[in-house]
Amino acid sequence: MGTQDPGNMGTGVPASEQISCVKEDPQVYCPEETVGTKDVQVTDCKSPEDNRPQKETGCCNPEDSGQLMASYEGKAMGYQVPPFGWRICLAHEFTEKRKPFQANNVSLRNMIKHIGMGLRYLQWWYRKTQVEKKTPFIDMINSVPLRQIYGCPLGGIGGGTITRGWRGQFCRWQLNPGMYQHRTVIADQFTVCLRREGQTVYQQVLSLERPSVLRSWNWGLCGYFAFYHALYPRAWTVYQLPGQDVTLTCRQITPILPHDYQDSSLPVGVFVWDVENEGDEALDVSIMFSMRNGLGGGDDAPGGLWNEPFCLEHGGETVQGLLLHHPTLPNPYTMAVAARVTADTTVTHITAFDPDSTGQQVWQDLLQDGQLDSPAGQSTPTQKGVGIAGAVCVSSKLRPRGQCRLEFSLAWDMPRILFGAKGQVHYRRYTRFFGQDGDAAPALSHYALCRYAEWEERISAWQSPVLDDRSLPAWYKSALFNELYFLADGGTVWLEVREDSLPEELGRNMCHLCPTLRDYGRFGYLEGQEYRMYNTYDVHFYASFALIMLWPKLELSLQYDMALATLREDLTRRQYLMSGVMAPVKRRNVIPHDIGDPDDEPWLRVNAYLIHDTADWKDLNLKFVLQVYRDYYLTGDQNFLKDMWPVCLAVMESEMKFDKDHDGLIENGGYADQTYDGWVTTGPSAYCGGLWLAAVAVMVQMAALCGAQDIQDKFSSILHRGQEAYERLLWNGRYYNYDSSSQPQSRSVMSDQCAGQWFLKACGLGEGETEVFPTPHVVRALQTIFELNVQAFAGGAMGAVNGMQPHGVPDKSSVQSDEVWVGVVYGLAATMIQEGLTWEGFQTAEGCYRTVWERLGLAFQTPEAYCQQRVFRSLAYMRPLSIWAMQLALQQQQHKKASRPKVEQGTGLRTGPMFGPKEAMANVSPE
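I will try to describe carefully the structure that is included in this document. (Residues numbered from 1 in each chain as written. Predicted model: local features only at pLDDT ≥ 70, side-chain atom pairs only at ≥ 80, totals over all residues. Heavy atoms only, no water.)

1. A few points about the overall build of the protein
Within the protein one finds 21 helices and 36 strands. Expressed as a percentage of the 927 residues in the protein, the buried residues total 64%. Carbon together with sulfur atoms contributes 50% to the accessible area of the protein, which is approximately 31700 Å² in total. (Helix = DSSP H or I, 4+ residues; strand = E, 2+ residues; numbered from the N terminus. Buried < 20%, exposed > 50% of the residue type's maximum accessible area, 1.4 Å probe, protein only. Areas by Shrake-Rupley, 256 points an atom, 1.4 Å probe, with all protein chains shown as cover.)

Rendered as structure tokens:
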């Protein structure tokens, strides 16, 4: 069975996180009861310190991949692997192992400040977990541990996701909406079998694992001769098979297609294997794709799982495979493992085997002739506690110096979902095209295998303008596309909406609410995989650039949902954990913090967040107004603007009460009353004051567009007074003070102080006649932030710290002021680009990318925050999607002398005809 490490057996720890290749002579694998086969060579690789060969030119560009490819010993570069993206050798080990932020990371001073909140949280956590048997929306006791393993997720938007790690493991699952299971399923593998002259000469699981189950299989692939390359929504894994003169390139494809509202919703992924024979002998090659029915956890325990083969021929194309039926309530589903049948390939299968056994039957079946036995009929439903798996194999002949292609798909059909409260039945978006009956897995598989080439053409057309732009650094090209993983893998749901489910009385004044939700569905994504709240609005403010640039109709749909929730109220009283005060869940005419928890009943019950009473937050209402105008500006949708105008008036009226001295500038309330919910703000502040002035300026613009002269005059007056107060109270000659309190931290340099200007510039405002903040002040503040928060922090290599004292020491007055927030840094970089500080912007953002993706091993789980040392917080977070604001700033910079940009097919924005914001401009179709 090749070299096994008995010390790693039965530990339950994935071997890919703990092993390295063993330095030994090549082994000969002689399986028991082998008939009609030669000895099968299994080459263990030597340690890389021995005789490390020189890399070929272009093998590993340190600028692009840092040290991630330093371990790669192979020469193969794979079949059509692109030059840009995130590339890592499968043998790489990240040396820095950080821990999630926990209570013991809080300073004594801050611990004392929050002791009341801590005690209330513990009491609430106990009631939630032990009495209600539910999972907390934020679990501060059981953070997701560090696993430096994740790669591109499979699955379109809103149908569930399955993450395949960069070492090939299927390891993160979001099938039940919004709820994650971090579990590596050992049976889910690809295995290669090579045969020469009718004899099997090489058979290997393409995995570095050395598990305690399926021990008859040949595990322990040498990672030094393989690498992974991610450019979302595609990924490539290249395997140079030692001693075989064969290179395998597995290409993983998911239909994430900008401006597409059909195929982008499909719960499918495709694996295309290109096999290159670099030798002078012909050979037969087989790839086996094995898959467990379920994850091997509690959802499987009741039994009743069963598999069956299927074959679907349509339009001259045939697809064969297995259906894995998983009928466990409340959300039953069927998984399909399938392959495309061509004139040059043979597809075989094994319907059922025990994934917790030695796996000898399956291994011998493949070893015998490079094919599986393909029994007819369905399997017997499993007994309680018994697992079941199946496998599909594709075989083909390979000429000397030849190449062949083997194509697999993975699809899952969970059309009807219930959230945690098990109240309302919802149907996923893809059911509009593939039906609601739960029998769509074969059709999804067939569609994916026949359409993936077209998807790839569209993906290339979308990405090429960025990838081909030599003025852009390589790391940015990787970050821009790979950070998009969260739009699909953010616990995302995309649901059909029945018109009779919408409240007539609230939607009456929004004429296009029903058509928008009916035609484009309802969209929700989590604040983070660990912060389980849908459409957290103070964070969506940053992340929304990706949505409005790539799927603008989903952004408008989300905005309509937010407007509906704003007009509702829920006067149920509850205790808020930070203050201990009892207050209503939701007050009318204020923007909710979030749209709800997937473990409850989102959209019906909003504001899962109960740390603060966000009705008194200063930023939420302002962020709605700013996003409404930004969305109108980028889409030209006048109907949307007209529908949102009354809601904007209502929330701004609610916001007026925070200007207690009537000087035209709102005041913060002496607690953490904004997105920085652990950082106290008192009186007029740079962040909320800047957002307020920007929102007031936008109200002036919207009033003019809506023909409301009185309202325009009112907000013009407020803006004039507020500008004077903002400059007088906060500008100190170098930057805007954090706030106006008497505390020492009021002089902190906040990295996010120009957020209002950022949004104004994104909306085509903020300069010339529409200037709100004096341009010299903005530029000077950004230069100060770059000097202090970026360059004076961690050697300038980790992005911008949230707060920095004027003398160059991080502000440790709160638990958040000395953190780096990745999404805030990308927004800051966009602001710098807008103001002509392009070099500074890229330098600032690069620090975050290098830290997260290359140093900390947090690829495809970009956290909300990290500190200079030791800890990170909230893995897989929404806010870093704000990197698309950098792309918008670059495109607006390129087209500054041209007309207003509009959304159309492409990387995001293109310049349209010379219309101003007053002219309606319809969205351009994907064609």
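Further notes follow.
2. Here's the deal with the packing of helix α7 (residues 474–482) against helix α21 (residues 883–894)
The contact between α7 and α21 brings their axes to 9 Å, and the two run at 120°. Taken together, the axes of α7 and α21 lie oblique to each other. The handedness of the crossing between α7 and α21 comes out as left-handed. Contact with α7, carried on its side by Y476, A479, L480 and F481, involves I883, W884, M886, Q887 and L890 of α21 and no other residues of that element. Classifying every residue of the contact of α7 with α21 by side-chain character gives 8 nonpolar, 1 polar and no charged. (Axes fitted to C-alpha atoms, helices over the stretch in contact; angles between N-to-C directions. Parallel < 35°, antiparallel > 145°, perpendicular 65-115°, else oblique. Left-handed = near helix turned anticlockwise from the far one by under 90°. Contact = heavy atoms within 4.5 Å. Nonpolar A, V, L, I, M, F, W, Y, C, P; charged D, E, K, R; others polar.)

3. Points about the environment of A583
Along the chain, A583 falls in strand β27 (residues 582–586). Judged by relative accessible area, A583 falls into the buried class, the value being 5%. The residues contacting A583, other than those within four sequence positions of it, are T572, R573, R574, Y576 and D613.

4. Regarding the sheet that holds strand β13 (residues 246–253)
With antiparallel pairing, the 9 strands of this open sheet are ordered in space as β3-β11-β12-β13-β14-β21-β18-β17-β16. A strand with exactly one partner marks an edge of an open sheet, and here the two such strands are β3 (86–89) and β16 (306–314). Averaged over neighbouring strand pairs, the angle between their axes works out to 15° when direction is ignored. In this structure, strand β14 (residues 268–277) lies alongside strand β21 (residues 403–413), joined through 9 bridges in antiparallel fashion. Along β21, the bridge assignment pairs G269 with L410. (Pairing = 2+ DSSP bridges.)

5. Some points on the pairing of strand β12 (residues 234–241)
When you tally the buried positions in β12, you get 7 out of 8 residues, the bulk of the element. Pairing of strand β11 (residues 226–231) with β12 involves 6 bridges; the strand directions are antiparallel. Residue A230 lies in a different strand from β12, and its bridge partner there is A235. Hairpin remark: β11 followed by β12, antiparallel, with 2 residues in the connecting loop. Summarising the sheet, β12 and β13 pair through 8 bridges and their orientation is antiparallel. Its bridge partner lying in β13, Y239 is registered against L248.

6. Thoughts on helix α16 (residues 709–730)
Here α16 is 22 residues long and its end C-alpha atoms lie 31 Å apart, about the 32 Å a rise of 1.5 Å per residue gives. The complete set of buried residues in α16 reads Q712, F715, I718, L719, G722, A725, Y726, E727 and L730. (Expected span 1.5 Å × (residues − 1).)

7. Brief notes about unusual backbone geometry
Residue Y232 is joined to P233 through a cis peptide bond whose omega torsion reads 15°. Relative to the helices and strands, P233 resides in the loop between β11 and β12. Cis geometry marks the peptide bond from L329 to P330, where omega comes out at 10°. Checked against the element boundaries, P330 lands in the loop between β17 (317–326) and β18 (333–341). A positive phi angle is found at K422, which is not glycine, with a value near 55°. Mapped onto the secondary structure, K422 falls in the loop between β22 (416–418) and β23 (425–427).

8. Points about the packing of aromatic side chains
Within this structure, the stated rule accounts for 60 aromatic pairs. For the ring pair F190 and F271, a centre distance of 5.1 Å and an interplane angle of 65° mean the geometry is edge-to-face. Highlighted residues: F190 in strand β9 (residues 189–196) and F271 in strand β14, separated in sequence by 81 residues. When its relative accessible area of 0% is taken as the criterion, F271 is described as buried. Directly above the ring of Y150 sits R172, whose terminal nitrogen or CZ lies 4.3 Å from the centroid. Across from the ring centre of F84, 4.0 Å away, lies the NZ or CZ of K477, which sits over that ring. (Phe/Tyr/Trp six-rings, centres within 6.5 Å; stacked < 30°, edge-to-face > 60°. Lys NZ or Arg CZ within 6 Å of the ring centre and 35° of its normal.)

9. Here's the deal with the nonpolar core
In terms of nonpolar packing, the biggest core is built from 281 residues, with W86, W273, L410, F624 and W884 touching the most fellow members. Ranked by the residues each element gives to this core, the list is headed by helix α15 (residues 686–705), at 15 residues. Domain assignment of the residues forming this core places at least three in each of domain 1 (86–94 + 145–456) and domain 2 (497–897). When neighbours within four sequence positions are excluded, F624 is seen to be in contact with Y537, Q559, M562, A563, I591, M644, V647, C648 and V651. Counting 17 residues, the second largest nonpolar core, distinct from the first, contains I186, C193, W219 and M288. (Core = buried A, V, L, I, M, F, W, Y, C linked by side-chain atoms within 4.5 Å. Domains from an automatic or database assignment.)

10. Considering the pairing of strand β7 (residues 170–174)
Most of β7 sits inside the fold, with 5 of its 5 residues counted as buried. Here 4 bridges tie strand β6 (residues 161–164) to β7, and the two strands are oriented antiparallel to one another. For T161, the partnering residue across the bridge sits in β7 and is Q174. From the end of β6 to the start of β7, which pair antiparallel, there are 5 residues, and G168 there has a positive phi angle of about 100°. The pairing of β7 with strand β8 (residues 181–182) spans 2 bridges and is antiparallel. Following the sheet pairing, W173 is matched in β8 by Q181. The turn linking β7 back onto β8 is made up of 6 residues, and G178 within it adopts a positive phi angle of 80°.

Keep in mind these values describe shape, not function.
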